[in-house]
There are 2 protein chains.
Amino acid sequence: MRIVVLAGGIGGARFLRGLKRAAPDAEITVIGNTGDDIFLFGLKVCPDLDTVMYTLGGGINEEQGWGRAGETFHVKEELAAYEVEPTWFNLGDRDFATHIVRTQMLSAGYPLSAVTEALCHRWRPGVRLIPMTDDRVETHVVITDGQGRRAIHFQEWWVRLRASVPAEAIVAIGIEDAKPAPGVLESIEQADVVLLPPSNPVVSVGTILGVPGIREAVAAKTVVGVSPIIGGAPVRGMADACLRAIGVETSARAVAEHYGPDLLDGWLVDEADAEVAEQGIEGIAVRARPLLMTDLEASADIARAALRLAEELR
Amino acid sequence: MRIVVLAGGIGGARFLRGLKRAAPDAEITVIGNTGDDIFLFGLKVCPDLDTVMYTLGGGINEEQGWGRAGETFHVKEELAAYEVEPTWFNLGDRDFATHIVRTQMLSAGYPLSAVTEALCHRWRPGVRLIPMTDDRVETHVVITDGQGRRAIHFQEWWVRLRASVPAEAIVAIGIEDAKPAPGVLESIEQADVVLLPPSNPVVSVGTILGVPGIREAVAAKTVVGVSPIIGGAPVRGMADACLRAIGVETSARAVAEHYGPDLLDGWLVDEADAEVAEQGIEGIAVRARPLLMTDLEASADIARAALRLAEELR
């Protein structure tokens, strides 16, 4: 079976770990969000791609869900001693090596998709990981604060401000001109099913779907999503702040309706949102089941449920 | 008093530490060798400038004489795990931060001299440290080995091969077109004395003197050098292998004669080479005294002797 997953960071990575266990023989292609990418200290940092790669490759810091296990922070300490900004982004020494290799390869002319493949040669994540695009797309957030109305990089809003200042708009700069990376459309076309893990529907899955051509390709397939919202709140992260920015309610129903029946065929909601399944959503098959990815087996169960629903809907 | 020192790495840095103690009120300008510079993993590494900066700024690994104290090597471990070459150059995590900042500033358009000044703003070495040039100069070594006759980067010869393969030639690529960095010629012109520390006379001091304009400016001043050769052998490093490549004997006398009386006014040799002082060198005042920089006070004594000799010759 061929499965395509559109993934952000932690939620996507944990779902993928479950999916690998649920479907050990499947050929899984992950289309990773790169809208969160940021140049820091002259180095290209791809938080979502790395979270997927480290998680599936066994290098992740399990407690925090991102960054490397056994990490030290000496480079960061020294950069701060040199008074180099920003100081709010937490890069560890082991993680720095990834960004150094990536930047060196990009400078040598390799596209991000080739670089990602090279990095995965080491990590052997057991999936094919492709960035949504080789073009530069950067999510910016429009805020108003003491410095007036301005756009800041998504990471500054998310990490430094902890999304505490309301987002007036969220804009993926460069997305209109971005082309899907090699393999993205092909893998979607060949997929038996496309899964949307419980990643952020705005700045992760939403950004991937915003690359011209991807949404149309996905919509043509059997698509099953897992709600990132349980009982009116995001399971983790600050998806509510992102949903508010685009005028979507923080609810399992509203997110499915935001994706829309043209895209989504099936939707898994948590038992806390069982009423959504009971009431139904026009054009989308909704099932309620436990959605907390408390451990690998729980994640695998969710993935199995998603695959079962997809099978039913094909 | 205004003192200019042409410095390589460890020997130059330790001499400078002694000089600062010997002449606490002097205005010391250090013209640093950049021929050893190398791009590694896309980052600009300046071994000699950093050794001077870390040594005088209190961040050096005292035992090995280069690199940072309290260092860890996680970035390097990870780069090796990615199978990124070279693996033979030992960069620590704290050291990496310096190269990251430097590379970022260079990419932003700042010349190396401005970058070095910015880095020194943190380290406060107590001297003005200027690279010999802002232009790219890279020392290469011609060798013949299993792969035939070829030129390799100086660092590969020095660090990977430990200078074990004979150097058929040593060439500072780009030096003919290099311009002295801003402040280099001015500081030499304004100097009361120019000191040559016991740095490598070929690939450190020799390279600095090879930048068009520097040798002439230095030759016009009172110049006192400290022999890096004691009893026919280099005190440290593999200067003998470099001297052999340019057809100069490894002796305190031969190095002074190689610099020549047009450049050198005074020359300190070790007591092991007292006969050189007794026999004299045409046009150069030679004095014998202990030259081992066993500790800070010994280094300061050597610096005092150099300054006394310069005073005598002015």
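Higher on the page you've got the structure.
Computed from a prediction, not measured in an experiment: that's the story for all the values here.

**Comments concerning helix α3 (residues 74-81) of chain A**
Here comes step 1: Among the residues of α3(A), His74(A), Val75(A), Glu78(A) and Leu79(A) are the ones counted as buried. Down the axis of α3(A), the sector holding all buried residues measures 135 degrees, keeping them to one side.
Here comes step 2: For α3(A), the elements touching its buried residues are α4 (93-107) of chain A together with α3 (74-81), α4 (93-107) and α5 (112-123) of chain B.
Here comes step 3: Just beyond α3(A), the residue with positive phi is Glu83(A), at close to 60 degrees.

**Notes on the interface of chain A and chain B**
Here comes step 1: The interface of chain A with chain B comprises 26 residues on the first partner and 26 residues on the second.
Here comes step 2: Three residues, Glu78(A), Tyr82(A) and Arg122(A), lead the burial of chain A against chain B; their summed loss comes to 28% of the area buried on that side.
Here comes step 3: Scanning the region where chain A abuts chain B turns up 8 salt bridges.
Here comes step 4: For Glu78(A), the salt bridge identified is with Arg122(B), shortest N-O distance 2.7 Å.
Here comes step 5: Here chain A and chain B share 16 residue pairs in polar contact (both at pLDDT 80 or more) between them.
Here comes step 6: If you list the elements that add at least two residues to the side of chain A that touches chain B, you get α2 (47-57), α3, α4 and α5 (112-123) of chain A.
Here comes step 7: Broken down by element, the residue count for the side of chain A that touches chain B peaks at 8 residues, all from α4(A).
Here comes step 8: Of the residues in the side of chain A that touches chain B, the class split is 15 nonpolar, 5 polar and 6 charged.

**Observations concerning the relation of the copies chain A and chain B**
Here comes step 1: Overlay of chain A on chain B (RMSD 0.0 Å): rotation 180 degrees, translation along the axis 0.0 Å. Here the copies are linked by what is in effect a two-fold axis. Considering only C-alpha atoms, the part of chain A nearest the rotation axis is Asp93(A), at 3.3 Å.
Here comes step 2: The share of interface residues of chain A whose copies in chain B are also at the interface is 100%, consistent with both copies meeting through the same surface.

**Description of the nonpolar core**
Here comes step 1: Ranked by internal contacts, the top residues of the largest apolar core, which has 115 residues, are Ile3(A), Leu19(A), Leu195(A), Ile3(B), Leu19(B) and Leu195(B).
Here comes step 2: A total of 8 residues in this core trace back to one element, the largest contributor, which is helix α13 (residues 296-313) of chain A.
Here comes step 3: Not counting residues up to four positions away in its chain, the partners in contact with Leu195(B) are Ile3(B), Val4(B), Val5(B), Leu6(B), Phe15(B), Leu19(B), Val224(B), Ala306(B) and Leu307(B).

Cut-off values and rules
- Residues numbered from 1 in each chain as written.
- Chains lettered and ligands numbered in written order.
- Predicted model: local features only at pLDDT ≥ 70, side-chain atom pairs only at ≥ 80, totals over all residues.
- Heavy atoms only, no water.
- Buried < 20%, exposed > 50% of the residue type's maximum accessible area, 1.4 Å probe, protein only.
- Helix = DSSP H or I, 4+ residues; strand = E, 2+ residues; numbered from the N terminus.
- Arc of directions from axis to C-beta.
- Contact = heavy atoms within 4.5 Å.
- Buried area = accessible area lost by both parts, 1.4 Å probe.
- Salt bridge = Lys/Arg side-chain N within 4 Å of Asp/Glu carboxyl O.
- Polar contact = N/O pair within 3.5 Å; in protein donor to acceptor, adjacent residues only side chain to side chain.
- Nonpolar A, V, L, I, M, F, W, Y, C, P; charged D, E, K, R; others polar.
- Least-squares fit on C-alpha atoms with pLDDT ≥ 70 in both.
- Core = buried A, V, L, I, M, F, W, Y, C linked by side-chain atoms within 4.5 Å.

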